[in-house]
Amino acid sequence: MSDTAPIFIRTVSKQDLETVQVLLKDTWHHTYDSIHGKQKVNEMTAQMHDLEALQERRIQPLSEFIVADTGSKIVGVAFAAQLGKIVFLHQLYVAPSHQRNGVGKELLQELFFCFDSAEKMALEVDAKNKNAIAFYEQNEFVKAGETDNCASPDSGIKALVFERPLQE
Ligand SMILES: CC(C)(COP(=O)(O)OP(=O)(O)OC[C@H]1O[C@@H](n2cnc3c(N)ncnc32)[C@H](O)[C@@H]1OP(=O)(O)O)[C@@H](O)C(=O)NCCC(=O)NCCS
């Protein structure tokens, strides 16, 4: 980890969105370039993380869009939304410089307690993203299925579906 400042978890603000966009782009390249190639990652991140899309998420009902903040820097971001009794974790990204230091777990644990009426959390994780799969298994998620189109109906990216129950 590049600095040792304590991290606090808070709701994203409109002023954060450009910083979050850069964090997502950098972390996507760091994670997926070796799996999908730089060009495909460029295309996907441009489409999924444009400021309008992030702003829509920020105001989406029944959702939580949170960041991990050192006080001087945003080093992680997570977005989850509830549909029926299920909370879908759509994004969980920690800056490469701050990975493997508990930030992902802190963001996740915050989300576990945000959705009172939900019974479980579900997510899709790229089948080749071994580090993230290890992370979710360590946080008590279990494999519940597979999809050929991660994140969007025609992405062509194979993913595993993971789930875990939420507290009563
Ligand atoms: C996956 C991710 C969210 C986990 O957050 P984190 O803050 O790095 O993880 P934590 O410190 O809370 O937990 C650490 C555990 O995660 C897994 N992990 C995270 N990064 C890892 C890495 N580079 N190599 C191997 N395992 C890793 C391990 O299980 C690790 O446990 P260990 O250190 O005891 O082996 C974060 O690494 C990340 O953003 N990765 C890139 C983007 C990504 O894959 N996001 C998930 C998309 S579905």
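Residues numbered from 1 in each chain as written. Predicted model: local features only at pLDDT ≥ 70, side-chain atom pairs only at ≥ 80, totals over all residues.

Glancing now at the site of the ligand. Around the ligand sit 19 residues in total, of which Gln-99, Gly-104, Lys-105, Ala-132 and Phe-135 are the nearest. Listed by contribution, the elements that provide at least two residues to the shell around the ligand are helix H1 (17–36), strand S4 (86–94), helix H4 (103–112) and helix H5 (130–138). Broken down by element, the residue count for the shell around the ligand peaks at five residues, all from H5. Grouping the amino acids of the shell around the ligand by side-chain chemistry returns eight nonpolar, nine polar and two charged. (Near = placed C-beta within 6 Å. Helix = DSSP H or I, 4+ residues; strand = E, 2+ residues; numbered from the N terminus. Nonpolar A, V, L, I, M, F, W, Y, C, P; charged D, E, K, R; others polar.)

Our next topic: H4. Among the residues of H4, those classed as buried are Val-103, Gly-104, Leu-107, Leu-108 and Leu-111. Across the axial projection of H4, the buried residues extend over an arc of 135°, all falling on one side. Considering only its buried residues, H4 is in contact with strand S1 (8–11), strand S2 (63–69), strand S3 (74–83), S4 and H5. (Buried ≥ 20, exposed ≤ 12 C-beta atoms within 10 Å, placed from the backbone. Arc of directions from axis to C-beta. Contact = placed C-beta atoms within 7 Å.)

Interaxial distance between H1 and helix H2 (residues 38–48) falls to 8 Å at its minimum, and their mutual angle equals 140°. With respect to each other, H1 and H2 are oriented oblique. Our pair here, H1 against H2, has a crossing hand that is right-handed. Contacts from Leu-24, Lys-25, Trp-28, His-29, Tyr-32, Asp-33 and His-36 in H1 reach Lys-38, Lys-40, Val-41 and Thr-45 in H2. Of the residues in the contact of H1 with H2, the class split is four nonpolar, three polar and four charged. (Axes fitted to C-alpha atoms, helices over the stretch in contact; angles between N-to-C directions. Parallel < 35°, antiparallel > 145°, perpendicular 65-115°, else oblique. Left-handed = near helix turned anticlockwise from the far one by under 90°.)

This paragraph deals with the packing of H1 against helix H3 (residues 51–58). The packing of two helices is summarised by the inter-axis angle and the distance between the axes. Where H1 contacts H3, the axes come no closer than 10 Å and their chain directions differ by 115°. As judged from the angle between their axes, H1 and H3 are roughly perpendicular. Both H1 and H3 take part in a crossing whose hand is right-handed. Of H3, the residues touching H1 (which contributes Leu-17, Glu-18, Val-20 and Gln-21) are Leu-51, Leu-54 and Gln-55. Broken down by class, the residue content of the contact of H1 with H3 amounts to four nonpolar, two polar and one charged.

Summarising the sheet, S4 and strand S5 (residues 120–126) pair through three bridges and their orientation is parallel. Note on S5: the bridge partner recorded for Ile-86 is Lys-120. (Pairing = 2+ DSSP bridges.)

With respect to the helices and strands, the residue Ala-68 is situated in strand S2. For Ala-68, a count of 25 C-beta atoms within 10 Å translates into the label buried.

Here the focus is unusual backbone geometry. Negative phi values dominate among residues other than glycine, just as trans dominates among peptide bonds. At Arg-100, a residue that is not glycine, the phi angle is positive and equals roughly 65°. When you line up the elements, Arg-100 lands in the loop between S4 and H4.

Attention shifts here to the nonpolar core. Within the largest apolar cluster, 35 residues are counted, with the highest numbers of intra-cluster contacts made by Ala-78, Leu-89 and Leu-107. Put simply, the parts of the chain that give this core at least two residues each are H1, S2, S3, S4, H4, S5 and strand S7 (159–165). Filtering out sequence-adjacent residues up to four positions away, Leu-89 remains in contact with Ala-80, Leu-111, Met-121 and Leu-123. (Core = buried A, V, L, I, M, F, W, Y, C linked by C-beta atoms within 7 Å.)

On to the sheet that holds S2. With mixed pairing, seven strands are arranged side by side in an open sheet as S1-S2-S3-S4-S5-S7-S6. Looking along the sheet, the strands with just one partner apiece sit at the ends: S1 and strand S6 (142–147). Across this sheet, the average inter-strand angle for adjacent strands is 25°, counted without regard to direction. Lying on the sheet, H1 is in contact with S2, S3, S4 and S5; it crosses S3 at an angle near 90°.

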